[in-house]
Amino acid sequence: GKVRAPTHIISTISDDRGEEPCYAGVPMSTIIEQGYGVGDVISLLWFKRSLPRYCTQFIEICIMLCADHGPCVSGAHNSIVTARAGKDLVSSLVSGLLTIGPRFGGAIDDAARYFKDACDRGLTPYEFVEGMKKKGIRVPGIGHRIKSRDNRDKRVQLLQKYAHTHFPSVKYMEYAVQVETYTLSKANNLVMNVDGAIGSLFLDLLSGSGMFTKQEIDEIVEIGYLNGLFVLARSIGLIGHTFDQKRLKQPLYRHPWEDVLYTK
Ligand code: ACO
Ligand code: LMR
């Protein structure tokens, strides 16, 4: 019989060999003719399955809500400075993307990991938060530079409202809210942020949709798929900021001396 030479690459999400490309087995014509959206395409290419409409709509809402947060945040600032240095689109985009991490936009996976672990182990918010403090770890998904108890993040409220209406269970989000209630008793700015909302709600999506086994959920959380939502979403804004600077023909940026504390 035929002997198949071992391949150097294994790929399971898409196939471009036939008459038309397929995403997780779904042909491009079906994607277009059946009116699939970006949420469906993400479901196919990241999760290798079609998810129910309320899930794909939730994914799209995450993308829309995280697309931009003004010019002052780390990512936009970097993209703006890079564009003003005369660099190209890709350089300006990645310069912004490189700021996404544990403090900015990239706390979604850790929020999901820690909330899941604490909730599954039945820790009280007090035990969880104080346990994190003892380990010297800030609670991912909690805290914001400009948002606070009296100036809540509208994005978080919109995500919570959507999930309350459409998700069969919001167990993890409710746990995150209890954690927030406790952290707010410590300081006013320790609100649930958008990373914490997406992290906890995605756990609810994964476990409540009935579309994933427990093992698959653990794998998704362990590998860390969820920061991808912020990376993808914020790319939209970073590209916008790059075009904006170029359209405005902004000169090379130099930070003002007055805004630097020169000291020994
Ligand atoms: N958990 C516990 N304590 C916290 C947390 C937290 N998440 N955030 C702040 N604190 C407390 C700490 O006591 C901190 O003191 P420390 O520096 O000794 O740890 C104190 O509040 C003061 O913190 P600041 O540095 O003033 O807070 P800042 O406003 O600079 O930080 C930030 C905002 C970076 C978001 C912070 O709250 C944090 O690290 N959160 C966790 C990571 C996270 O969720 N990032 C995503 C933010 S949303 C987004 O980027 C789209
Ligand atoms: C964002 O979405 O960029 C933020 O929540 C961070 C910020 O400081 O506004």
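Structure's up top.
Residues numbered from 1 in each chain as written. Chains lettered and ligands numbered in written order. Predicted model: local features only at pLDDT ≥ 70, side-chain atom pairs only at ≥ 80, totals over all residues. Heavy atoms only, no water.

A. Structural context of the environment of I146. Of note, I146 is situated in the loop between α7 (125-135) and α8 (154-166). Owing to a relative accessible area of 56%, I146 belongs among the exposed residues under this scheme. Between the C-alpha atoms of I146 and P168, which are 22 residues apart in sequence, the distance is 32 Å. (Helix = DSSP H or I, 4+ residues; strand = E, 2+ residues; numbered from the N terminus. Buried < 20%, exposed > 50% of the residue type's maximum accessible area, 1.4 Å probe, protein only.)

B. Geometry of the packing of helix α3 (residues 53-65) against helix α10 (residues 194-208). Look at α3 against α10: their axes get within 11 Å of each other, and the N-to-C directions meet at 165°. Here α10 runs roughly antiparallel to α3, going by the angle between their axes. For the crossing formed where α3 meets α10, the hand is left-handed. Residues Y54, C55, F58, I59 and C62 of α3 form the contact with α10, whose participating residues are I198, L201, F202, L205 and G208. Its residues placed into classes, the contact of α3 with α10 shows nine nonpolar, one polar and no charged. (Axes fitted to C-alpha atoms, helices over the stretch in contact; angles between N-to-C directions. Parallel < 35°, antiparallel > 145°, perpendicular 65-115°, else oblique. Left-handed = near helix turned anticlockwise from the far one by under 90°. Contact = heavy atoms within 4.5 Å. Nonpolar A, V, L, I, M, F, W, Y, C, P; charged D, E, K, R; others polar.)

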